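# Summary of the model geometry
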Amino acid sequence: VATLHVPLDRGKPVALAKQIQGHLERLIREGHLGDGVKLPATRELAKSLGVNRATVALAYEEMVAAGHARAHVGQGTFVIGTAAAPRTAAEPRARAPINWTGLLSRTARVVAAEEDRWRRLGSGDADRVAVSFAGGMPDSDLFPTEAFRQVLNRVLREEGDVLLQYYPARGYPPLRQYLARYLLRFGVEASPDEILIVNGSQQGFDLVARTFLDPGDFVAVEQPTYPRAVQVFRAAGAQLLAVPWTREGPRPDVLERLLERHRPKLFYCQPNCHNPTGLSLAPETGRRLLALGARAEVPIVEVGVDPSLYYGRRPATPLKALDGDGVVIYIGTFSKILFPGLRLGWVVASAPVIERLLGAKQLVDLHTSALLQAAVQRFCERRLLDRHASRVAAEYGQRRTALVESLRRRMPEGVTWTEAEGGFSLLVTLPAGLDAAALLPAAIARGVAFTPGRPFFVDGGGERTLRLSFSAVPARRIDDGVRRLAETIKTAMKRPRASSGDRAAVPVV
Ligand SMILES: Cc1ncc(COP(=O)(O)O)c(C=O)c1O
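Residues numbered from 1 in each chain as written. Predicted model: local features only at pLDDT ≥ 70, side-chain atom pairs only at ≥ 80, totals over all residues. Heavy atoms only, no water.

## Here we look at the overall build of the protein chain
On a plain count of helices and strands, the protein chain comes out with 16 helices and 16 strands. Classification of the 509 residues of the protein chain by burial places 52% in the buried group. Nonlocal contacts in the protein chain, meaning residues at least 24 apart in sequence, comprise 74% of its contacts between residues at least 6 apart. A total accessible area of about 23500 Å² is found for the protein chain, and carbon and sulfur atoms account for 52% of it. Of the charged side chains in the protein chain, 68 are positive and 52 negative; the average position of the first set lies 3 Å away from that of the second. (Helix = DSSP H or I, 4+ residues; strand = E, 2+ residues; numbered from the N terminus. Buried < 20%, exposed > 50% of the residue type's maximum accessible area, 1.4 Å probe, protein only. Contact = heavy atoms within 4.5 Å. Areas by Shrake-Rupley, 256 points an atom, 1.4 Å probe, with all protein chains shown as cover. Lys, Arg positive; Asp, Glu negative; His and termini not counted. Charge placed at Lys NZ, Arg CZ, Asp CG, Glu CD.)

## With respect to the site of the ligand
Inspection of the region around the ligand gives 14 residues, with Ser 201, Asn 275, Thr 333, Ser 335 and Arg 343 positioned closest. The backbone of Gln 202 places a nitrogen or oxygen atom 2.9 Å from an oxygen atom of the ligand. Asn 275 is positioned such that a nitrogen or oxygen atom in its side chain is 2.7 Å from an oxygen atom of the ligand. Of all the elements, helix α8 (residues 200-212) adds the most residues to the shell around the ligand, at three residues. Across the shell around the ligand, the residue classes break down as four nonpolar, eight polar and two charged. (Near = heavy atom within 4 Å. Polar contact = N/O pair within 3.5 Å; in protein donor to acceptor, adjacent residues only side chain to side chain. Nonpolar A, V, L, I, M, F, W, Y, C, P; charged D, E, K, R; others polar.)

## Remarks on the environment of Leu 58
Mapping Leu 58 onto the fold places it in helix α3 (residues 53-65). Looking at Leu 58, the relative accessible area reads 39%, which means it is partly exposed. Sequence separation between Leu 58 and Ala 242 is 184 residues, and the spatial gap between their C-alpha atoms is 69 Å.

## Overview of the nonpolar core
Judged by nonpolar contacts, the single largest core of 96 residues is most densely connected at Phe 334 and Leu 468. Among the elements that take part in this core, helix α14 (residues 384-410) stands out by supplying nine residues, more than any other. Dropping the residues within four chain positions of it, Phe 334 is found in contact with Leu 175, Leu 179, Phe 339, Leu 344, Gly 345, Trp 346, Val 376, Cys 380 and Leu 385. Ranked by size, the runner-up nonpolar core spans 33 residues in total, among them Leu 196, Val 301, Ile 329 and Leu 357. (Core = buried A, V, L, I, M, F, W, Y, C linked by side-chain atoms within 4.5 Å.)

## Points about the packing of helix α2 (residues 42-49) against α3
The contact between α2 and α3 brings their axes to 8 Å, and the two run at 120°. Considering their axes alone, α2 and α3 lie oblique with respect to each other. Judged by the twist between their axes, the crossing of α2 over α3 is right-handed. Contact with α2, carried on its side by Thr 42, Arg 43, Leu 45 and Ala 46, involves Arg 53, Val 56, Ala 57 and Tyr 60 of α3 and no other residues of that element. A class-by-class count of the residues in the contact of α2 with α3 yields five nonpolar, one polar and two charged. (Axes fitted to C-alpha atoms, helices over the stretch in contact; angles between N-to-C directions. Parallel < 35°, antiparallel > 145°, perpendicular 65-115°, else oblique. Left-handed = near helix turned anticlockwise from the far one by under 90°.)

## A word on the sheet that holds strand β15 (residues 451-452)
Sheets are built from strands paired through backbone hydrogen bonds, the pairs being either parallel or antiparallel. The sheet built from four strands is open, its strands ordered β12-β13-β16-β15 with antiparallel pairing. Strands at the two margins of the open sheet, each flanked by one partner only, are β12 (416-417) and β15. Bridging between strand β13 (residues 425-429) and strand β16 (residues 465-469) involves five bridges; their strand directions are antiparallel. Within β16, the residue paired with Thr 429 across the bridge is Thr 465. (Pairing = 2+ DSSP bridges.)

## Let's talk about the packing of helix α5 (residues 106-120) against helix α9 (residues 227-235)
At their nearest, the axes of α5 and α9 sit 9 Å apart, and the two run at 150° to each other. The chirality of how α5 crosses α9 is right-handed. Within the contact between the two elements, α5 uses Arg 106, Thr 107, Val 110, Val 111, Glu 114, Glu 115, Arg 117 and Trp 118 and α9 uses Pro 227, Arg 228, Gln 231, Arg 234 and Ala 235. When grouped by side-chain class, the residues that make up the contact of α5 with α9 number five nonpolar, two polar and six charged.

This is the structure we're talking about:
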């Protein structure tokens, strides 16, 4: 560290060197200064504290003598760390600690309760299994990291001064122009003014919720669905109404009934590459949902996960492509097709809606990183995204086929699954009497992990379901994973009911 603040009390009958030593040793004990950290040069620290250099030198010598630091001639003094020992009850603070829980906002309480529920679906280590079908994310082994590094370097060199300054919230114009052209591939017609760049689709959900929801409002939600979107609506105080999926998509008859009875403010769905099922909307169902939304003037929030990740014959047309009435708010992301760590996505909606979302975005974070937007735009313009997308789509398609074939071969009677046509995952349903979360510890013990299906169901159901994500598992590992899972299920089916004691954690994405 270059320098440190050390509070000194010159009125205290304790030598300044002792005060400095005491303070630094406490920082070491509590883990703020870890093993090997170089302490400030005596001259620097003495100057910033307004003490004699010899005073600091004495403090350091005492620390060395006490075994808290080591001195290397000509290099400086370095911390000898202890394992961080957080403050214990034996070291009470001067005042009682604040009751933070009691101070939490309603939103924070809703979020905490949900995270808690998800955590209770397990505790354990799903990362160290032989085959993990948990976590719906791209395979980082397929990332085009080097190609991206090159465009990033270049853009930094060419436009760094502008891109590292504060930037207009709407987003980097060339990226919005690119997206306007790109979306035409899927039939979505939007001008750059109808596109807002956001920090991943997650921010899109948040901006929509901030803009349209008040506590107590109803939101109709496809079921099963993507839990992180629903969590945003719940945190905004919305009451959720489930519209169950069939093979063709969310049931229009149910949506119609809910629209009449509850007048929800929004309807949320993923027509393509659906997480967790991998299914797509049948065109006729899409048209009916759209007509219902338009008639009731209820916006449809559509997550347009990139149809490039489609393994069936043809992806469903995005609802936004059929949206003559402008009722659809389309949210897209680079997370699945490129890198989730960029946190880069976009919202397409009519200009007045974009204006309001823009206001909300400025409130939240002023703008999305212009540097990353520019790098991605260059990456796309040079057709590197297209090349990457076709490569990963082929790879994920193989993994999907390997999984489906293996399930067919190995799963016992009574287990069913969705035949994913796109996306990263499919949803398995276990025979009656089994609980997927209860099965997870046994599965992990056998070397395979999955995501229990409960969080994907807004009505509290789904305990017999589990999501298998195939995107990050190399094809040659898939059959082994399914074998382990099938054995776990067969063993559980022999018992009347699986134990719900131990739980094992997997991330919900
Ligand atoms: C339906 C859906 N939307 C969005 C995302 C990704 O969100 P983001 O763009 O915030 O990374 C996921 C990731 O799993 C998803 O399944």
